[in-house]
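Descriptive analysis of the structure
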Amino acid sequence: MSKVFINSTNLNQSKQELESQIIEILKTSTDNLNFIRKGDSVLIKPALNSPDPYPSTTHPLAVKVVAQELLKKGAKVIIGDQSGIEHVVHTAEGLKKGSSIENFKKTGIYDACKDLDVKWVAFEQDGWNKGFIHESQPKATSWPNGFWITKWVKDVDHIINLPRISTSLFQFGNDTEMW
């Protein structure tokens, strides 16, 4: 059984207070990032399902704060995802529509992190044949023929998945949410 860490925050608090809370939950949930060694590569995978800003995608400040904390530990930080098929479509023949990098920009995630020493990755950028690998898991009965995932899962030392917080949104009055 894995632990789940939940924190509530006031939507009206200052940016500094929110940053402190993000750092606190990050450090608590990862044992102070003690698994990171200098030079480790870490993929931060936000929920970039669309070009729509938070709460439709991961909050830009969460991505920035996590990236900053990883950089302090000496990690090589990669920020990457592929938007959903409504916004990005590619096949073995190539990209048909959209750009995850453009969606990072439209959501504000790119601007929040643009001054950081990070690498930006759109999973679709290397094409279907070079950018994805076929996986098969016996317990994944919904996909009896396996599934395709980004090659980045094999190219990095660690992955930190940041959710689209609104998928688990609870309202408490008019000014708090739990995530």
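Structure: above.
These notes cover the structure that comes with them. (Residues numbered from 1 in each chain as written. Predicted model: local features only at pLDDT ≥ 70, side-chain atom pairs only at ≥ 80, totals over all residues. Heavy atoms only, no water.)

Let us look at the pairing of strand 6 (residues 118-122). Of all five residues in strand 6, four are buried, a share of seventy percent or more. Here five bridges tie strand 3 (residues 76-81) to strand 6, and the two strands are oriented parallel to one another. Bridged to Val77 within strand 6 is Val118. (Buried < 20%, exposed > 50% of the residue type's maximum accessible area, 1.4 Å probe, protein only. Helix = DSSP H or I, 4+ residues; strand = E, 2+ residues; numbered from the N terminus. Pairing = 2+ DSSP bridges.)

Moving on, we come to the pattern of salt bridges. The final tally for this structure, using the stated rule, is seven salt bridges. Between Lys45 and Asp81 there is a salt bridge, with its nearest N and O atoms 3.2 Å apart. Note that Lys45 is positioned in strand 2 (residues 41-45) and Asp81 in strand 3, a separation of 36 residues in sequence. Owing to a relative accessible area of 24%, Lys45 belongs among the partly exposed residues under this scheme. On the accessibility criterion, Asp81 (5% relative accessible area) is buried. In this structure, Asp126 and Lys151 form a salt bridge, with 3.7 Å as the shortest nitrogen-oxygen distance. Here Asp126 is found in the loop between strand 6 and helix 5 (127-131), whereas its partner Lys151 is found in the loop between strand 8 (147-150) and helix 6 (152-155), with 25 residues between them in sequence. Beyond isolated ion pairs, a larger network of salt bridges with shared partners links Lys27, Glu69 and Lys72. (Salt bridge = Lys/Arg side-chain N within 4 Å of Asp/Glu carboxyl O.)

Quick look at the packing of helix 1 (residues 15-29) against helix 2 (residues 60-72) now. Packing of helix 1 against helix 2 brings their axes to within 10 Å, and their N-to-C directions diverge by 55°. Viewed along their axes, helix 1 and helix 2 adopt a mutual orientation that is oblique. For helix 1 against helix 2, the interelement crossing comes out right-handed. Two secondary-structure elements touch here, helix 1 through Lys15, Leu18, Glu19, Ile22, Ile23, Leu26 and Lys27 and helix 2 through Leu61, Ala62, Lys64, Val65, Val66 and Glu69. (Axes fitted to C-alpha atoms, helices over the stretch in contact; angles between N-to-C directions. Parallel < 35°, antiparallel > 145°, perpendicular 65-115°, else oblique. Left-handed = near helix turned anticlockwise from the far one by under 90°. Contact = heavy atoms within 4.5 Å.)

This model, assessed by the stated rule, comprises five aromatic pairs. Seen in terms of ring centroids, Phe104 and Trp120 are 5.0 Å apart; in terms of plane orientation they differ by 65°. Their pairing is edge-to-face. Pair noted here: Phe104 is in helix 3 (residues 100-107) and Trp120 is in strand 6, with a separation of 16 residues, a long-range link. You can call Phe104 buried: its relative accessible area is 0%. (Phe/Tyr/Trp six-rings, centres within 6.5 Å; stacked < 30°, edge-to-face > 60°.)

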